[in-house]
Amino acid sequence: MNNSLITQSFQKAQKENRPALLTYIVAGDNTKKKSLEILKSISDYADICEVGFPHNTPIADGGQIQTSAYRALKNGIKINDVFSIVKKFKKIKKNTPIILMGYYNMIYQYTENKFISKCKKSKVDGLIVVDLPYPENKIFAAKCKMNKINFIQLISPTTSKSRLKRIVGDSHDMIYYISMLSTTGGKLKVSPKKIIKEYQKIKNLSKSKNIVIGFGITEKTIKSLRKADGLVVGSAICKEITKSIKKRQNVVTNVTNVVKILKNKIK
Amino acid sequence: MKLKKNIPLIDQHDKFGFWGGKFGGSFIPETLKKPVEDLTTKFEKLRKNKKFIKERDHYFKNYIGSPTSFIKLKNLSNHLGGAQIWAKVVSEANGGAHKIYNATVHALICKAMGKKYIIGDTGAGYAGKMLSMAAKKFGLKCKIFMGAKDIKRQKPNCDAMKRNGAEIVPVYSGSQTLVDAVSECMRYWVSNCDNTHMCVGSTVGPNIFVKICGWSTAQISRELKSQLKKEFKKIPEKIKLINCVGGGSSAYGFWSEFIDYSKKQIELIGVEAGGSKKSKLHAAPLSRNAKIGILHGAASYVCQNDEGQIEETQSISAGLDYPGVSPIHCFLKDIKRARYTYATDEDALNAYKMIKKFEKINPSLEPSHAFAEAIRIAPKLNKDTVVIVNSCGDAEKDRDILKARLGNY
Ligand SMILES: Cc1ncc(COP(=O)(O)O)c(C=O)c1O
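Note that this is a predicted model, so its numbers are computed, not measured.

(A) Spatial organisation of the overall build of chain A. In terms of helices and strands, chain A carries eleven helices and nine strands. Over its C-alpha atoms chain A spans a radius of gyration of 17 Å, differing by no more than 12% from the 18 Å that the globule rule assigns to 267 residues. In terms of principal-axis extent, the alpha carbons of chain A reach across some 50 × 40 × 35 Å. Taking the intrachain contacts of chain A between residues at least 6 apart in sequence as the baseline, contacts between residues at least 24 apart amount to 70%. Accessible surface, chain A as shown: approximately 11300 Å² in total, 50% of it carbon and sulfur. Side chains of chain A carry 51 positive and 18 negative charges; the gap between the two charge centres is 2 Å.

In structure tokens:
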């Protein structure tokens, strides 16, 4: 998928001598309207926006993202709403890549083909499916590729060497390296130096792929990982949404400020 | 989709872990791939290892107390006037339920893998209690994940876990029951899989956990088979094996030796939790025709909405209060080898009352669901039919609920 929007975003960041900034929010958190506003606003600073489609039984998410997901579901978010948020966003920011992220049961119920065609119509650029690992994801990933949607493979510190090679070989434009053994939102329990070392091993296998690091990245830690092609921040953003709602402050302004700070740290 | 003869059902899956091509599998985050693979390799090695089998059998006999007794419920049979009703009193096992088999095996595996920490989920509290017992016995540090609602309604088992030195981690998300406990336990494992072993409390979860649990509880049917031969000189011509189904570990354990028999000779009947009569909610994905979905790392029939969000369930019995079910039972349903039905809260309470009136056993609310079905069908059957109920749990843990609902315990 040469020249995908995702690849272009990494190239742009590279030219500016910095990693790409990827943000994660849950669609519909805390309302459909609000999450669209947040997206529009933070995309002034983020290079790629990940959007979660919330599930009520998330087996790999920590407290912050769970809270966001439950809040969105409580406010009635449906899968079709997620697509319409993306569609509306893309009308205004057509060059910012959108990556949808979620659990396989929602795709399974929607059916794979319908899900992919809906992604295409809404101009979704990539997909992360947390509980559909390699090689189980081969067929679905191939379907995505045929439809010019990036299926993003995950790699973790537990991924064995031979497995790593196979995953990288089958990956599309972007690979997601999970920084440590943790659900999302955990405290960074591994030193940035060690994370970068592991990251480098993957990078050496495939110089042409864009590899991002995620899990446990906050304002405090982001700078120390700036060697990577891209850095994903999720829970820290969801936490800010929760905090702003609690304090009855402007969510859009507060979250945008967090993203602005994150961006400044890696410039 | 077809059954293969002479191969345990737990082994009749394809290379991706699916039974019948669509139930089961391992829908897990990348981080768990390696620990699941390691566990799979280790388990396959251990089950072929004579020394390990000897060790297992030693603990089954001397620690769990195998075999549990097989008794005729004469008064109940006379009262109902139809089939002869028997019970396999699995609640005699150490700790008071079948969950001790799976817990003991997991503790042995944990030890064999050189891990010092063990975690597990629990609903009724039996899986947690048994894991805490086994952990204590084998010197492992134990954490049990349990929904806050279940902690309140199954206090006796929580007390036991604490006495055994386990830490109970209350789970406040979602419906605060078993489904949330399993999610939280899996999340904990994602973060700690390098030094911690996970036990799943039933025949659910990623493929390997279905297999380990089924392999452990299968002991129940091995015992029953020889007890039947002893009692009747041969396997009788007409048997009905009735078992409650939450995740399905006791049912699989009760049936595994008998799956190869014809349905005409040995009928397998699974009883799910129908919830309160007045409520729309239930925990009966098989008998109330839920759609296939993915929950806790496996595809099975799951109570869910059109969007794939897992539905809240409701049952008086915490052990059956779960929206999913074992992929093995989904397979048995689809090939029509087993029949699945449900009993309501009220049915189970009435069955409990009747059992208490006529017999000396004290089945918990889970097997009371199975007894409800036995009581329903027995009068319509002739006396040559042998109805056997797995009385897989003791009602001590339910004393508060029984007191509140029936006035006495
Ligand atoms: C006594 C008893 N029976 C049945 C169950 C249901 O589980 P399963 O269907 O796996 O036997 C439980 C679960 O906690 C239980 O404690």
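(B) Region of interest: the interface of chain A and chain B. In this complex, chain A contributes 38 residues to the contact, which on the side of chain B involves 32 residues. The interface formed by chain A and chain B contains two salt bridges. When the shortest N-O distance is used, the salt bridge between Glu136(A) and Lys33(B) registers 3.0 Å. Contributions of two or more residues to the side of chain A that touches chain B are made by helix H3 (63-74), helix H5 (104-110), strand E6 (153-155) and helix H8 (161-170) of chain A. When residues in the side of chain A that touches chain B are grouped by element, the largest group, five residues, is from H5(A).

(C) Seen up close, the side chain of Thr7(A). Residues and elements named next belong to chain A. Mapping Thr7 onto the fold places it in helix H1 (residues 5-15). At a separation of 3.2 Å, a polar atom in the side chain of Thr7 contacts the side chain of Asp173. Once residues lying within four places of it in the same chain are set aside, the contact partners of Thr7 are Met1, Asp173 and Asn210.

(D) Spatial organisation of the nonpolar core. Core analysis: the biggest nonpolar cluster contains 193 residues, and Leu100(A), Phe115(A), Leu241(B), Trp255(B) and Ile388(B) have the highest contact counts within it. If you tally residues by element for this core, the top one is helix H4 (residues 99-112) of chain B, at eight residues. Both domain 1 (20-60 + 98-214) and domain 2 (65-96 + 220-406) of chain B contribute no fewer than three residues apiece to this core. Residue contacts for Leu241(B): discarding those within four places in its chain leaves Leu224(B), Phe254(B), Trp255(B), Phe258(B), Ile266(B), Glu267(B), Leu268(B), Ile269(B) and Ile388(B). Counting 29 residues, the second largest nonpolar core, distinct from the first, contains Ala83(B), Phe358(B), Ala378(B) and Val389(B).

(E) Structural view of unusual backbone geometry. The peptide bond linking Asp29(A) to Asn30(A) adopts the cis configuration, its omega dihedral lying at -5°. Structurally, Asn30(A) can be placed in the loop between strand E1 (20-26) and helix H2 (32-42). For the peptide bond that leads from Tyr134(A) to Pro135(A), omega is 0°, which places it in the cis range. Of note in this structure, Lys148(A) is not a glycine but carries a positive phi near 60°. With respect to the helices, strands and loops of the structure, Lys148(A) is situated in the loop between helix H7 (138-146) and strand E5 (150-151). Owing to a relative accessible area of 66%, Lys148(A) belongs among the exposed residues under this scheme. Of note, Lys233(B) is a non-glycine position whose phi angle comes to about 75°, a positive value. Within the element layout of this structure, Lys233(B) appears in the loop between helix H10 (219-232) and strand E9 (239-244).

(F) Looking closely at the confidence of the model for chain B. With 100% of its residues at a pLDDT of at least 70, chain B reaches an overall mean of 97. Under the prediction, the complex receives an ipTM of 0.97, its pTM being 0.97.

(G) Examining the sheet that holds E6(A) more closely. All names here are of chain A. Pairing is parallel in the open sheet, where nine strands are placed in the order E5-E4-E3-E2-E1-E9-E8-E7-E6. Only two strands of the sheet have a single partner each, and these edge strands are E5 and E6. Along the sheet, H2 makes contact with E1, strand E2 (48-52) and strand E3 (98-102), crossing E1 at roughly 175°. Together, E1 and strand E9 (230-233) form the strand contacts of helix H11 (residues 251-266), whose direction differs from that of E1 by roughly 160°.

(H) Focus on the pairing of strand E10 (residues 266-273) of chain B. All names here are of chain B. Within E10, eight of the eight residues are buried, which leaves it mostly tucked inside the rest of the structure. Here E9 runs beside E10; their pairing, made up of six bridges, is parallel. Following the sheet pairing, Leu241 is matched in E10 by Leu268. After leaving E9, the chain enters helix H11 (residues 249-255) and then returns to the sheet as E10, a path that is right-handed. Here six bridges tie E10 to strand E13 (residues 338-343), and the two strands are oriented parallel to one another. If you follow Glu272 over to E13, its bridge partner there is Tyr342.

(I) Just the site of the ligand, in detail. Residues and elements named next belong to chain B. Residues in contact with the ligand amount to 18 residues; listed here are only the nearest, Ser202, Gly246, Gly248, Ser249 and Ser250. The contact in question runs from an oxygen atom of the ligand to an N or O atom on the side chain of Ser202, over 2.5 Å. Residues belonging to the shell around the ligand are distributed by class as follows: six nonpolar, ten polar and two charged. Two domains each provide a minimum of three residues to the shell around the ligand, namely domain 1 (20-60 + 98-214) and domain 2 (65-96 + 220-406).

(J) Broad picture of the domain arrangement of chain B. Residue and element names in this part refer to chain B. Under the domain assignment, chain B is made up of domain 1 (20-60 + 98-214) and domain 2 (65-96 + 220-406). For the domain 1 and domain 2 pair, buried surface summed over both sides reaches about 3500 Å², with 60% attributable to carbon and sulfur atoms. When the buried surface of domain 1 facing domain 2 is broken down by residue, Phe23, His98 and Arg153 rank first, second and third, together holding 20% of it. Asp321 is the partner of Arg153 in a salt bridge, and the nearest nitrogen-oxygen pair spans 2.9 Å. Counting across the interface, domain 1 meets domain 2 through 22 residue pairs in polar contact (both at pLDDT 80 or more). Only strand E2 (23-24), helix H2 (50-64), H4, helix H5 (126-137), helix H6 (148-153), helix H7 (155-163), helix H8 (178-192) and helix H9 (207-217) provide two or more residues apiece to the side of domain 1 that touches domain 2. Considering every element that reaches the side of domain 1 that touches domain 2, the biggest residue donor is H8, with five residues. Its residues placed into classes, the side of domain 1 that touches domain 2 shows 18 nonpolar, 16 polar and six charged.

Definitions and cut-offs
- Residues numbered from 1 in each chain as written.
- Chains lettered and ligands numbered in written order.
- Predicted model: local features only at pLDDT ≥ 70, side-chain atom pairs only at ≥ 80, totals over all residues.
- Heavy atoms only, no water.
- Helix = DSSP H or I, 4+ residues; strand = E, 2+ residues; numbered from the N terminus.
- Rg over C-alpha atoms; globule rule 2.2 N^0.38 Å.
- Contact = heavy atoms within 4.5 Å.
- Areas by Shrake-Rupley, 256 points an atom, 1.4 Å probe, with all protein chains shown as cover.
- Lys, Arg positive; Asp, Glu negative; His and termini not counted.
- Charge placed at Lys NZ, Arg CZ, Asp CG, Glu CD.
- Salt bridge = Lys/Arg side-chain N within 4 Å of Asp/Glu carboxyl O.
- Polar contact = N/O pair within 3.5 Å; in protein donor to acceptor, adjacent residues only side chain to side chain.
- Core = buried A, V, L, I, M, F, W, Y, C linked by side-chain atoms within 4.5 Å.
- Buried < 20%, exposed > 50% of the residue type's maximum accessible area, 1.4 Å probe, protein only.
- Domains from an automatic or database assignment.
- pLDDT = per-residue confidence, 0-100.
- Pairing = 2+ DSSP bridges.
- Axes fitted to C-alpha atoms, helices over the stretch in contact; angles between N-to-C directions.
- Right-handed = clockwise from strand over helix to strand, strands pointing away.
- Near = heavy atom within 4 Å.
- Nonpolar A, V, L, I, M, F, W, Y, C, P; charged D, E, K, R; others polar.
- Buried area = accessible area lost by both parts, 1.4 Å probe.

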